[in-house]
Every structure is written in C-alpha cells, then in structure tokens.
Amino acid sequence: HRLIMLKQMTRELAAQEVATWKRVIRVIAHELNNSLAPITSLAHSGALLVGDQPTPALQRVFSTIEERARHLQSFVEGYSQFAKLPQPRLAPATWAGLLDPLLAITPFRIEGALPPDAVLVDSVQFQQVFINLLKNAAESGSASEDITIAFAERSDHLLVEIADRGSGMSEAQLRQALLPFFSTKPSGTGLGLTICRQLAELMHGRIGVQSVEGQGSTFWVLLPLPVDHNAVIPARPLAV
C-alpha cells in the first residue's frame, strides 16, 4: 500500500524566497554600512582640515562625497527595514478602528457593512498593509471614488478586497507583482507589495491580486475568522 499526500507548496516556497532575499540584503547592507560610515567621517574631517575657507572646487568635492554617502545610507536603510520586520503583536481590533484613521491619509469607499467581529492583528502593521495597498490604488490612475474596500465571509475566513479602476497590470506584471524588487514605477523600490504580503502572512493571512490591463486591479487579503468569541468587540460606525 502507498499513501500519497499532496500539499500546496506555493506559500512555503514564497516564504523561502523572501527569507533568502532578506539574508542577501542583510549581508549587502552590512558591508555597505561598514564602508559608508568611514567615508562620511573622512569627508567631514577633510573639510575641517582644509580650513574655514576652502577653494570652491574642493568644497564641492567634500560636500558631494558627504551628500552621496548620506543618500546611499538612506537607500540601504530602506532595504534593511524589509530585512528586519518585527514580529507582529496580535490583539483584537475593530474594522472601524483600523480603517477610520486611514480616511485622513487617502480617500476610499466602504462597500457594504463592516464586519461586526473583531480581527486579531497587529493594528499598526495591518494599517501599514492597507496604506500601501490604497496608495498603490491611488497611483494606478483610478479616481478616488472608484477605490473601494469590500468584505465577504468565505468558510472560516474573511475576504477583504481593495479594488480600483486604474491602469491595471499586464499578465507579465501580474505574475511578478508580489515579488521582491519588482516595480512598474521608475523610482519604486519594489518592496511595498512584498512587505504587505509578508505582514499579512505573519498575521496568519494571505494576500493576492487580480488585474485586467486598462480596467483596474483588486488586491485581496484573506484572514482567519476569530474562533474565540470573547474576542468579539462591538463595532462602531466608520466616520466619513
């Protein structure tokens, strides 16, 4: 007799991929910071050594070195944050409490009613996920009134959909949308959606995207419904 077990490995493979990228980023950031710190210090010391009135050319040399070193440090720090995401501190939170503050940051509409039950998340990190997704929707070219958040229960999970009617993505872009370092923006780091995916998974959820080029995109977040009924908190209306 043979027992064959089948298991969906997509999530595990994605987690291993992200872990590998994190290790690479930590090594590169460590080596770059080891060099950038003395470069910045030496540039500052060199400017002091030439006196209070250096030649214009020499002043430009030292100021350019310091400026570029600071830029590189800031650039490296941005990637280092991805490699050092803290573990979430899960606690019950209402949807009104999570979404209400975001209305002051970016406009969106709620379709239907808010779920009455609390959700077990790290509120700060979870709001960051929604800020990234809503910002992505706003930058897609969608009108603000067409950016929506909707909820639906799926078995023992809650489905949250953030939709827009922007430019959408091609099939090639869609396949890479959640991968590290992929971005359709000229100045994008390609980490925003990857961070969203990782934060959602740390809170026992999943994230995905559907898109049609020229018609818009829908990012979905799937969260486990609370099994502890003591975690239910009365919801309050969302301010508009």
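This section reports on the structure supplied with the text. (Residues numbered from 1 in each chain as written. Predicted model: local features only at pLDDT ≥ 70, side-chain atom pairs only at ≥ 80, totals over all residues. Heavy atoms only, no water.)

Once that is clear, we can look at the overall build of the protein chain. Assigned secondary structure in the protein chain consists of 6 helices and 7 strands. Secondary structure elements of the protein chain occur, N-terminal to C-terminal, as α-α-β-α-β-β-α-β-β-α-α-β-β. Per-residue burial over the protein chain gives 37% buried out of 240 residues. Across the protein chain, the fraction of contacts at a sequence separation of at least 24, relative to all contacts at a separation of at least 6, is 73%. Total accessible area on the protein chain is roughly 14700 Å²; 57% of this is exposed by carbon and sulfur atoms. (Helix = DSSP H or I, 4+ residues; strand = E, 2+ residues; numbered from the N terminus. Buried < 20%, exposed > 50% of the residue type's maximum accessible area, 1.4 Å probe, protein only. Contact = heavy atoms within 4.5 Å. Areas by Shrake-Rupley, 256 points an atom, 1.4 Å probe, with all protein chains shown as cover.)

This part is about the nonpolar core. Within the largest apolar cluster, 37 residues are counted, with the highest numbers of intra-cluster contacts made by W95, L99, F130, L133, I149 and V160. Elements that contribute at least two residues to this core include exactly α3 (95-99), β3 (119-121), α4 (123-138), β4 (148-154), β5 (157-163), α6 (192-202), β6 (206-212) and β7 (216-224). Top element by residues in this core is α4. It accounts for 6 residues. Residues within four places of V160 in sequence aside, it is in contact with W95, F130, I149, A150, F151, F219, W220 and V221. (Core = buried A, V, L, I, M, F, W, Y, C linked by side-chain atoms within 4.5 Å.)

Moving on: the packing of aromatic side chains. A full pass over the atoms with the stated rule returns 4 aromatic pairs. Look at W95 and F130: their rings are 6.1 Å apart centre to centre, the planes differ by 70°, and that puts the pair in the edge-to-face class. Here F130 lies in helix α4 and W95 lies in helix α3, a separation of 35 residues in the sequence. Residue class for W95 comes out buried when judged on its relative accessible area of 1%. F130 sits in the buried class, given a relative accessible area of 1%. Relative to F151, the ring of W95 has its centre 4.9 Å away and its plane inclined at 65°; by these criteria the two rings are edge-to-face. Here the residue W95 occupies a position in helix α3, and F151 occupies one in strand β4, the gap between them amounting to 56 residues. Of the two residues, W95 and F151, neither departs from the other in class, the shared state being buried. Each member of the aromatic cluster is reached from another via a ring pair, and the members are W95, F126, F130 and F151. (Phe/Tyr/Trp six-rings, centres within 6.5 Å; stacked < 30°, edge-to-face > 60°.)

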